[in-house]
Amino acid sequence: MEIKTNSKFLPGLVWKDNSGEPIQAHGGGILFHDGMYYWYGENKAVETTATPAVRKNGERFIRYQTELAGISCYSSRDLLHWTNEGLALPAVADDPDHDLHTSKVLERPKVVYHDATRKFVMWMHAETRDYQYARAGVAVSDSPSGPFEYLGSCRPNDAMSRDMTLFKDDDGKAYLLFSSENNSTLHVCLLSDDYLRPTAIYTRNFVNQYREAPAMFKHESKYYLITSGCTGWDPNQAQYAVAASPLGPWETAGNPCSGENAELTFNSQSTHVLRLEGREHAFIFLADRWKKDDLGDSRYVWLPLHMEDGKPVIQWLEEWDLNWFSGGDSA
Ligand code: DGJ
């Protein structure tokens, strides 16, 4: 039987892997290694439950969540056709106290490769159902598709850690960026030389501005950081900031999205910005269009990101492919 996979990026539509199953890699990130792209993300192919809950201020709300299945890994050479490599970090069924127990929450996994140790290092947001655990989890593997060995979780420098991303710089230093202080302030923390621990070198950014869903990239020796506001699974307006160093100071510069629905990030929330391998000026903005009452059917919104006078620009396209970059890209 021939399986129809996408031959173009179709933001917001179901995206099937090479075996015909919808891709399960939410809140994800991409690693390029040895000619292959690896897409890591949350596997949410399990039932969504809606549980009434009460915030500290007494406000009632519904918490939408799935049981933890684990972190998926998919591989591709062209970013369109993806092979399911299985769970790179599966949930743990038999130990209720384990961070990876099916009753827990793991979000926004990102992986970087360490050139000297030759290890693949995954960091992720490790949570409990009530979102009070607020820790950063770390796992390591000899192979990009896993299995990853979970090393544990921490609060870097005693700070809460929720939505996060990783950034590996050209000098080999790696940084963990995470929403901290009850999501009010975003920390950027230098990781240890082996990428396995936070160091005491960190900065507090966007103080009291409640930013989450960080996605960072570098262009012409400047650093760019796209974030969302904090509105649960619902979309809001993205914002980007610019800095001369990953540790900041970060200067807020506006909404990178333009056109219709730009004020809601085209109904999605940032998760990663991928620079195309071998290209200086071609980036893909990766975002999640969450479907809160059926999280496993949340969709991916991938759009080209290009730079105009030092400003990232993201516009909506119904469909596109990598030829889109050939027009304006000089790389
Ligand atoms: C927004 C975050 O960005 C998501 O990763 C997830 O934690 C939801 N909040 C949960 O409501």
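Throughout this document, residue positions are counted from 1 along each chain, in the order its sequence is written. Confidence filtering applies because this is a predicted model: local features only for residues at pLDDT of at least 70, side-chain atom pairs given and counted only at 80 or more, and all residues used for totals across whole chains, interfaces and linings. Each side-chain value is derived from all of the structure's non-hydrogen atoms; neither hydrogens nor water enter the calculation.

Observations regarding the site of the ligand
Contacts to the ligand come from Glu107, Arg108, Tyr131, Asp163, Glu212, Gly232, Trp233 and Gln269. In the model, an oxygen atom of the ligand is placed 2.6 Å from a nitrogen or oxygen of the Glu107 side chain. What sets the accessible areas is the Shrake-Rupley method with a 1.4 Å probe; for residues, cover comes only from the shown protein chains. In isolation the ligand offers 290 Å² of accessible surface; the protein chains occlude 87% of this area. Side-chain classes follow a simple rule in which Ala, Val, Leu, Ile, Met, Phe, Trp, Tyr, Cys and Pro form the nonpolar group, Asp, Glu, Lys and Arg form the charged group, and the remainder, Gly included, forms the polar group. Class assignment for the residues of the shell around the ligand results in 2 nonpolar, 2 polar and 4 charged. Near, as used in this document, describes a residue that has one of its heavy atoms within 4 Å of the molecule or strand being considered. Counted as a polar contact is a pair of N or O atoms within 3.5 Å, where, for protein atoms, one must be capable of donating a hydrogen and the other of accepting one, and residues adjacent in sequence contribute only when both atoms are in side chains.

Comments concerning the sheet that holds strand E18 (residues 251-254)
Strand order in the open sheet made by the 4 strands is E15-E16-E17-E18, with antiparallel pairing throughout. Only two strands of the sheet have a single partner each, and these edge strands are strand E15 (211-219) and E18. Each strand of the sheet is rotated relative to its neighbour by a mean of 30°, with strand direction disregarded. We treat two strands as partners when DSSP finds at least two bridges between them. By definition, any uninterrupted DSSP run of H or I lasting at least four residues is a helix, any uninterrupted run of E lasting at least two residues is a strand, and each is numbered from the N terminus. Working convention: axes come from line fits to C-alpha atoms, limited for helices to the stretch in contact. Angles between N-to-C directions cover 0 to 180 degrees.

What to know about empty space enclosed by the protein
The way it works is a 1 Å grid over only the protein atoms, where trapped points that fit a 1.4 Å probe form a cavity and open points with protein on both sides within 12 Å along at least five of seven lines form a pocket, and then any residue with an atom within 4 Å of a point lines it. Grid points are joined across faces, edges and corners, and a volume is the space filled by probe spheres set on the points. With the rule as written, the count across this model stands at 3 cavities of 30 Å³ or more. Considering only enclosed or pocket space, the largest cavity measures out at about 70 Å³ in volume. Glu42, Asn43, Lys44, Gln65, Thr66, Glu67, Leu68, Ala69, Gly70, Lys104, Val105 and Leu106 together form the lining of the largest cavity. Sorting the residues of the lining of the largest cavity by element identifies strand E4 (60-66) and strand E7 (105-113) as the ones contributing at least two each. Here the residues of the lining of the largest cavity are counted per class, giving 4 nonpolar, 4 polar and 4 charged. Within this model, the second largest cavity holds a volume of roughly 50 Å³. Here the lining of the second largest cavity is composed, by residue class, of 7 nonpolar, 1 polar and no charged.

Quick look at the state of the cysteines
Here, two cysteine sulfur atoms that lie within 2.5 Å of each other are counted as a disulfide. In this structure the tally under the stated criterion is 0 disulfides. Between Cys230, a cysteine without a disulfide, and Cys257, which holds the nearest cysteine sulfur, the sulfur-to-sulfur distance is 17 Å.

Focus on the pattern of salt bridges
One side-chain nitrogen of Lys or Arg within 4 Å of one carboxyl oxygen of Asp or Glu is enough to make a salt bridge. Overall, the coordinates contain 13 salt bridges when judged by the stated rule. A salt bridge links Lys44 to Glu42, with the shortest nitrogen-to-oxygen separation between them at 3.1 Å. We note that Lys44, like Glu42, is buried. For Lys218, the salt bridge is made with Asp170, and the minimal N-O distance between the two is 2.9 Å. Only protein chains enter the area calculation, which uses a 1.4 Å probe; residues under 20% of their type maximum are buried, those over 50% are exposed, and those in between are partly exposed.

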